[in-house]
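# Descriptive structure summary
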Amino acid sequence: MPDAQPSVFFAFLPEWIMLAGVLVLFGLTLSSNRVRAARWVSLATGAGVALAVLATFNVEAVIFDGAYRVDTFSQWLKLVFALGYVGCVVIGHNLKDIRGDIRPEYFFLLATSVTGFILLAGSIDLITLVVALELSSFPLFLLIAMRRETTAQRSQMESAVKFMMFGIAASGVMLFGMGYLYGLTGTTSLPLLVERLQPVIHTPLAIAGVTLTLAAFFYKLAVFPFHFWTPDVYQGASNETTAIIGSLPKLASVLLMLRFAGAADPGVHTLAVVFAVLAVGSMFYGNLLALAQTDFKRLLGFSAIAHAGYTLIGLVALEETGFTAALYYATGYLFMILACFTVITRVSRDGTNLAIADLAGLHKRSPLLAATLLVGVFSLAGIPPFVGFMGKFSLLTAGLQQGFLWLVLLAVLNTVIAVYYYLRVIHAAFFTDPPQDADTTPLRLDPATTVLCLVLIAAITGLGLIPGPFLETVNASLSSIRP
Amino acid sequence: MNLPEPSAGLPILSILIFAPLIAAAVALLLPAGRAVWWWTLFATSAVALFSLSLLFGFDSSTAEFQFVEHRAWIPLLGMEYALGIDGISLLLVLLTTLITPFCVLASWTSVTLRTREFMVCMLIMQTAMTGVFTALDFVLFFIFWESMLIPMSILIGVWGGAGRVYAAIKFFIYTMAGSVLLIVAIIALRLETGTFSIPALMDQPYDRAFQLWIFGAFFISFAIKVPMFPFHTWLPHAHVQAPTAGSVLLASILLKMGTYGFLRFCLPITPLATVELAPFILWLSIIAIVYGGLAALAQSDLKKIVAYSSVGHMGFATLGIFSLVQNGTVGGALVMINHGVTTGALFIAVGILYERLHTRDLAKTAGVGKHMPVFAFFLGMFCLSSLAFPGTNSFIGEFLVLGGAFEVSLTLAIAAVPGVVIAAAYNLRILQRVAYGGTNNPDHSAVADLGLREILLLTPFLVFILWIGLQPAPFIGIMEASIENILEIISRAGS
C-alpha cells in the first residue's frame, strides 16, 4: 500500500538490484571465462528486479529532484523489462554464437543495457532520459559486434557499424528537437515541459520540436523511413542479440514516444497526419518486403517494421485509448518476438542464421517448440485468442474513434498481406517434411527453455484474453504523462 | 433488445464451451495411442449428453435469449463475457455437440499418426464452434470465429490428402481475408452505439448508408464462410483434402457459421440494407444452387461431388433466409441443420469407402454395392436425403424454401427448380455407379462390409434424416419464435 513517505532507497529498489547485478557481472568479467556464473548472476538479477518491482508495485514517489518518478505505470514497464531480460538470458543460453573469450562481457553489457531500459521507465527529465537512452543503446552496438567470426558470415561488423551510425544520427536529430522544446518552454522537466507546451502546441516550431525528438524513437522502433538498419542488423547480429534488439528497445521507444506525444491532443492534426503517413509507409514497406524473405530473422526484421506501423496507429489517435493500445501492443509484441527467437536459437545448429526452410519437420522434432512458434507467429499475424489480435483490435478502435477510417482499412489490408508470410513459417514447421540430408533428430530442451516456452505461450494467450489489469493500470497512469 | 438477466443455476453454456478445452488439456497428458482416442470419445460423448439438458430448460415460445451468462471481461474496451442462445443457436449448438463424437468415431482407422495432436485440434475446434453459436458479445463471437482457423488449417494441412498444404493455406487466407472487414464493422458498430452486446445492437435505427456499409462487411465474411458463389473456390480443395473428420466438421458446422451469421447479424442489425440487397443475394443463391449441382455432376471424385453439392445445398439455405418470409426463412434454417446431418453422413460414407479401396474415383468404386450391401443401404438413404426425396429431412427443408421463394417471386422459384433436378441427377449417379455399377470390373469381392463401429457411426445420421423428414414439427417449433422475431424487426424497419 502506498506509503506516505517512501524512502528513496525503497522506491529505487529494483534499480539498486539491477545496478548491483551489473557490478557483480563486471567483477566476473575480470577473471577468466566465468560464463556459467555470469549467466546465473544475470538470471538472479532479472528475477530479483522482477520481485523488487512487485514489492514496490504501489509505491508512488518522485525522487532525485523531480528527475525520476516511480508509480504503477513505471513499475509495470519495469516488470515487463525484467521479464524480457530474463527471457533474453534464457534464450542466450550458453551464447554459442558469441566469441568464446568474451561471453561474460556479453552478459555484463546486456545487463548494462537493461539498466538503461529500466531507468527509462522512470525518467521524467530530458537529461536523465537522454542518459538512460544512451545507456541502453551503446551496449547494444557492442553486442552486435561480438558475434563469432566465421568465414561464411562476416557481416556482424557491418551490422554493428550500421546500427551505430544510424543510432547516433537519430540521437543527434533528437537532441536538436529537444533543443527546440527547451527553447520553447525553458525547462527540462517533462511534466512541466508538456504543460508549458500546451498553449503553443499548434505552432510549427513546437510540432517540429516534437517530431524531431521522436525521430530517435522512430529509429529504435524501426519506423519507415528510419528502418534501413533493421533487416541487415537482424541478419548480421547473432540470434540471441537479435532477440534483444527486436524486443526490449521497441517497448522502450513506444514508452518514450508517448511521453512526448502526450503533449499533443487530437486537435493537433499535423502531428496525427505525420504519424498516419509513417504508419502506412511502415506497414506496406515491411509487409511487402517480408513476403520475399527466406531468412527467418530477416523476415522478422521486415515484420518488425510493419509492426512499428501498426503501433503508430495508436499514436495517430493522440489520446489515452490510443496510447494505452500502443503500449499494450508493444508489450505483447515483446513476448511474441521472444517466442519466435526462442525457437530460432534452439533450432539453429551452432548459432548460424536460420532459413525458413530449416524449420521443416519441427513439429516432429520438438512439439513444444513448434507450439511456441505457432502461438508466436499467429499472434504476430493477429489471430485470436492471442495478444496480437487484442492489441490490433484496440489499436484499430483507437484509430477509428478519431475518424481515421482509411488508415484502419489499410491496416486490415496489411494484416491480410502479412498472413501469407506468417503462414510460410507455419507451412515449413508443420506441413513440410524435411529433406533427406536434413537433421531430423529430436531437439532436447533444457528445463529453462521448457519453462520459458510455457511462460511465453501463457503470456501471449493470457495478455490476449485477460488484458484487463494491464490495460487499466496503464490507462489510469497515462494521466501522469498528459497534463 | 436488452440482455435478459443471467439465468440462475449451472452455467451450462460455459461448461459446454470449456469442457472440450479441459479435455484437450487432459489429452495432452495422456500417453499417445488408443488411450487418447477413447478419452476424446468419452469426453465428447459426455458433452453431447450434457448438451441435451438444454432441451429441457428451453422455452421455445419466446425469442428471448436463454441460459444467459453475463460477466465483466475487459471493461476498458467495453467487452463482456456474455453467452445465451435462442432457437436458432440451440439447434446449431446441439448439432455441434452431437456431431463431434461421431467425428472422433470416424477417425478410429483413418487417423493413426499423431492421434493426440489430432484429437486436441478436434477438441479446440469444438470449443470454438460452440462459442460461435452462443456468444452474445460481438468481440467474443469474433474471437471464437477466428480461433477456429488455426486448428482447422492444421487438421487439413497435417492429416489431409496429397494436396493438403495448398488447401489449408487457401482456406486460411480466404477466411482471414473475409473476417478482417468484419472486425472493422464490429468496431464501427461499437463507436455508433457504445456497445458490443449483440442483442443491444439489433433493431437500432442506423441510417441507410451506415447499414449498407456494415452489411457489406458482414456479407463478405459470412458469404466466404457459407460459401456463396462466387466465394466458394476454397471449399472443394478444403473438403477434398481434409481427413474425414475434418470434412465432416467443415461441412456440418463451419459452413453453418456463415448462414448463422446472416441470421444473427445481417438480418436483425442491418434490416434496411438486407431488404434492399436481398434480391441480389437471392439470385446469387440460385446461381449457387445450379452451379453447385452442375459442378457436382461433372466430377468423378466422390468427395468432390459431395463438396460441390454443399455449394448447392447452402444455396438453398441462403435462398430461404433471404426470402424474408416466415416459411422461407424457417426452411433456410432447417436446410442448415439438414445439410449438417446429410452431408456429414455422406462424407463419413465416402471416408469408409476410401479406407477400403484407397480411391474415391467413381469408376474405380463402381459395383462395391454387391459386396457391401449394408453400406449400399446407408449410402442409398443418404443420397436420397441429399436429393430431397420425400420422407427425408431435405425434402421438408427445400420444400419450405421453395415455398418461400414462390411467395417472393415466381421467376425466382422457377429458376431454382432445375437445381432440384440436377441434385437428383448427381445423387442417382453416385448410387447407380457405386451400388449397382459394373460388378466385375474392377473386382471388389475382397472388400468387407461395414463393421459394428461403422454401423453405430452411421445409424444416428439415418435416424435424424428420417426423424426430421417424417416429423419436422419439433425441430421447426424450436426456432420458429426466434425467426418470427427477426422477420418482425425487418418489417418494422421496412415500414
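Residues numbered from 1 in each chain as written. Chains lettered and ligands numbered in written order. Predicted model: local features only at pLDDT ≥ 70, side-chain atom pairs only at ≥ 80, totals over all residues. Heavy atoms only, no water.

## Notes on the overall build of chain B
Here is the rule we go by: The way it works is that DSSP assigns letters per residue, a run of H or I at least four long becomes a helix, a run of E at least two long becomes a strand, and they are numbered from the N terminus. Using a 1.4 Å probe on the protein chains alone, a residue whose accessible area is under 20% of its type maximum counts as buried, one over 50% counts as exposed, and one in between counts as partly exposed. What makes two residues a contact is simply this: any of their non-hydrogen atoms within 4.5 Å. Every accessible area reported is derived by Shrake-Rupley at a probe size of 1.4 Å, with residue values counting cover from the shown protein chains alone. Charge counting follows a simple rule: Lys and Arg are positive, Asp and Glu are negative, and His as well as the terminal groups are ignored. For charged residues, the charge sits on one atom: NZ in Lys, CZ in Arg, CG in Asp, CD in Glu.
A tally of helices and strands in chain B yields 20 helices and 2 strands. Projecting the C-alpha coordinates of chain B onto the three principal axes gives extents of approximately 70 × 60 × 40 Å. Out of the 495 residues belonging to chain B, those deemed buried represent 64%. A separation threshold of at least 6 residues defines the contact pool for chain B, and within that pool the share at least 24 residues apart is 81%. Surface summary for chain B: the accessible area is close to 16000 Å², and the carbon and sulfur share equals 68%. Computed over 21 positive and 24 negative side-chain charges, the separation of the two mean positions in chain B equals 16 Å.

## Some words on the interface of chain B and chain A
Defined as follows: The term buried area means the drop in 1.4 Å probe accessible area that two parts suffer when joined, counted for both and summed. A carboxyl oxygen of Asp or Glu within 4 Å of a side-chain nitrogen of Lys or Arg is what we treat as a salt bridge. Under the rule applied, a polar contact is a pair of N or O atoms within 3.5 Å (in protein, one hydrogen donor and one hydrogen acceptor; residues adjacent in sequence only if both atoms are side-chain atoms). Residue type decides the class: Asp, Glu, Lys and Arg count as charged, Ala, Val, Leu, Ile, Met, Phe, Trp, Tyr, Cys and Pro as nonpolar, and the leftover types, Gly among them, as polar.
In this assembly, 34 residues from chain B lie in contact with 36 residues from chain A. The contact between chain B and chain A buries some 3100 Å² in all, and 86% of this surface belongs to carbon and sulfur atoms. The interface formed by chain B and chain A holds 0 salt bridges in total. Here chain B is connected to chain A by 1 residue pair in polar contact (both at pLDDT 80 or more). If you list the elements that add at least two residues to the side of chain B that touches chain A, you get β1 (66-74), α6 (138-147), α7 (149-159) and α8 (164-193) of chain B. No other element matches the 15 residues that α8 of chain B contributes to the side of chain B that touches chain A. Split by residue class, the side of chain B that touches chain A holds 28 nonpolar, 3 polar and 3 charged.

## As for the nonpolar core
Just so we agree on the cut-off: Nonpolar core, defined: a set of buried Ala, Val, Leu, Ile, Met, Phe, Trp, Tyr and Cys residues in which side-chain atoms within 4.5 Å join the residues together. Reported domain spans reflect what an automatic or database domain assignment gives.
Counting 388 residues, the largest nonpolar core has Leu359 and Met390 of chain A together with Phe138, Phe141 and Phe218 of chain B as the members making the most contacts within it. Broken down by element, the residue count for this core peaks at 19 residues, all from helix α14 (residues 320-347) of chain A. Composition of this core by domain shows at least three residues from each of domain 1 (1-94 + 98-146) and domain 2 (237-480) of chain A. Those residues in contact with Met390 of chain A, other than ones at most four positions away along the chain, are Tyr328, Gly464 and Pro467 of chain A together with Trp73, Ile74, Leu77, Met79, Val139 and Ile143 of chain B.

## Concerning the pairing of strand β2 (residues 79-85) of chain B
All names here are of chain B. Basically, it comes down to this: Pairs of strands are assigned from DSSP output, requiring at least two bridges between the strands.
Counting buried residues in β2 gives 6 out of 7 residues, a clear majority hidden from the surface. Where β1 meets β2, 6 bridges bridge the pair, whose relative direction is antiparallel. Each bridged residue has a counterpart across the sheet, and for Gln66 the counterpart in β2 is Ile85. With antiparallel pairing between neighbouring strands as the criterion, β1 and β2 make up a hairpin whose turn holds 4 residues, including Gly78 at a positive phi of roughly 80°.

## Comments concerning the side chain of Ser89 of chain B
Residue and element names in this part refer to chain B. By the secondary structure assignment, Ser89 is in helix α4 (residues 87-106). At 2.8 Å, the side chain of Ser89 and the side chain of Asp86 are in polar contact. Leave out the neighbours within four places in its chain, and Ser89 touches Phe133, Tyr260 and Arg264.

## Focus: the state of the cysteines
All names here are of chain A. What counts here: Two cysteine sulfur atoms form a disulfide, by the criterion used here, when they sit within 2.5 Å.
Summed over all chains, the structure comprises 0 disulfides over all chains. Unpaired in this structure, Cys453 has its nearest cysteine sulfur neighbour in Cys340, at a distance of 11 Å. Residue Cys453 is classed as buried on the basis of its relative accessible area, which comes to 0%.

## Focus: the domain arrangement of chain A
All names here are of chain A. Along its sequence, chain A is organised into domain 1 (1-94 + 98-146) and domain 2 (237-480). With centres defined by C-alpha atoms, the gap from domain 1 to domain 2 works out at 23 Å. Between domain 1 and domain 2, the contact holds 32 residues from the first and 35 residues from the second. Both faces combined, the contact of domain 1 with domain 2 buries some 2900 Å², and carbon together with sulfur accounts for 81% of it. The leading source of residues in the side of domain 1 that touches domain 2 is helix α4 (residues 72-92), at 13 residues.

## Things to note about helix α2 (residues 34-51) of chain B
Residues and elements named next belong to chain B. Defined as follows: Here the expected span of a helix is defined as 1.5 Å times the quantity of residues minus one.
The terminal C-alpha atoms of α2, which comprises 18 residues, lie 26 Å apart, in line with the 26 Å expected from a rise of 1.5 Å per residue. Within α2, the full set of buried residues consists of Val36, Trp37, Thr40, Leu41, Ala43, Thr44, Val47, Ala48 and Ser51. The inward-facing, buried residues of α2 abut α1 (12-29), α3 (53-57), α4 and α5 (115-134).

## A closer look at helix α10 (residues 208-225) of chain B
Residues and elements named next belong to chain B. Helix length check: α10 (18 residues) gives 25 Å between terminal C-alpha atoms against 26 Å at 1.5 Å per residue, within 8%. Turning to α10, its buried residues are Phe210, Gln211, Ile214, Phe215, Ala217, Phe218, Phe219, Ser221, Phe222, Ala223, Ile224 and Lys225. The backbone nitrogen of Ala209 has a side-chain oxygen 3.3 Å away, supplied by the residue at the start of α10, namely Asp207.

## Details of the packing of α14 of chain A against helix α20 (residues 468-477) of chain A
Residue and element names in this part refer to chain A. The cut-off we apply is this: Axis definition: a line fitted to C-alpha atoms, limited for helices to the stretch in contact. Angles are taken between N-to-C directions and run from 0 to 180 degrees. Roughly parallel covers angles under 35 degrees, roughly antiparallel covers those over 145, roughly perpendicular covers 65 to 115, and oblique covers all other angles. Take the far helix as the reference: if the near one is turned anticlockwise from it by less than a right angle, the crossing is left-handed, and if turned clockwise, right-handed.
Where α14 contacts α20, the axes come no closer than 9 Å and their chain directions differ by 130°. One way to sum up the angle between α14 and α20 is to call them oblique. Crossing of α14 over α20 shows right-handed handedness. Mapping the contact onto sequence places Glu320, Thr321, Thr324, Leu327, Tyr328 and Thr331 in α14 and Phe470, Leu471, Val474 and Asn475 in α20. Across the contact of α14 with α20, the residue classes tally to 5 nonpolar, 4 polar and 1 charged.

## Structural notes on unusual backbone geometry
Each neighbour pair has its own omega, and for Pro384 of chain A with Pro385 of chain A the value is 5°, a cis peptide bond. With respect to the helices, strands and loops of the structure, Pro385 of chain A is situated in the loop between α16 (367-381) and α17 (387-401). Of note in this structure, Phe64 of chain A is not a glycine but carries a positive phi near 55°. Mapped onto the fold, Phe64 of chain A is located in the loop between β1 (61-63) and β2 (68-70). A positive phi angle, close to 65°, is found at Ala388 of chain B, a residue other than glycine. With respect to the secondary-structure elements, Ala388 of chain B resides in the loop between α16 (373-386) and α17 (393-408).

## Observations regarding a nonpolar patch on the surface
Short version of the rule: In this scheme, patches are assembled from residues that exceed 30% relative accessible area and form no salt bridge. Like charges are connected within 9 Å, while nonpolar side chains (Val, Leu, Ile, Met, Phe, Trp, Tyr) are connected within 5 Å.
Taken together, the side chains of Phe18, Leu21, Ile22, Val26 and Ile124 of chain B define a hydrophobic patch exposed on the protein surface, amounting to about 370 Å² of accessible area. Checked against the element boundaries, Leu21 of chain B lands in helix α1.

## Here we look at the packing of helix α13 (residues 271-297) of chain B against helix α18 (residues 410-436) of chain B
Residue and element names in this part refer to chain B. α18 packs onto α13 with a crossing angle of 20° between their chain directions and a minimal axis gap of 8 Å. One way to sum up the angle between α13 and α18 is to call them roughly parallel. Judged by the sense of rotation from one axis to the other, the crossing of α13 with α18 is left-handed. On α18, the residues that touch Leu282, Trp283, Ile286, Ile289, Val290, Gly293, Leu294, Ala296 and Leu297 of α13 are Thr411, Leu412, Ala415, Ala416, Gly419, Ile422, Ala425, Tyr426 and Arg429. By residue class, the composition of the contact of α13 with α18 is 14 nonpolar, 3 polar and 1 charged.

## Regarding the pattern of salt bridges
Residue and element names in this part refer to chain A. Under the defined criterion, the tally for this structure stands at 12 salt bridges over all chains. Between Lys78 and Glu15 there is a salt bridge; the shortest N-O distance is 2.7 Å. Placement of the pair is Lys78 in helix α4 and Glu15 in helix α2 (residues 13-30), with a sequence separation of 63 residues. Residues Lys78 and Glu15 agree in their burial class; the two are buried.

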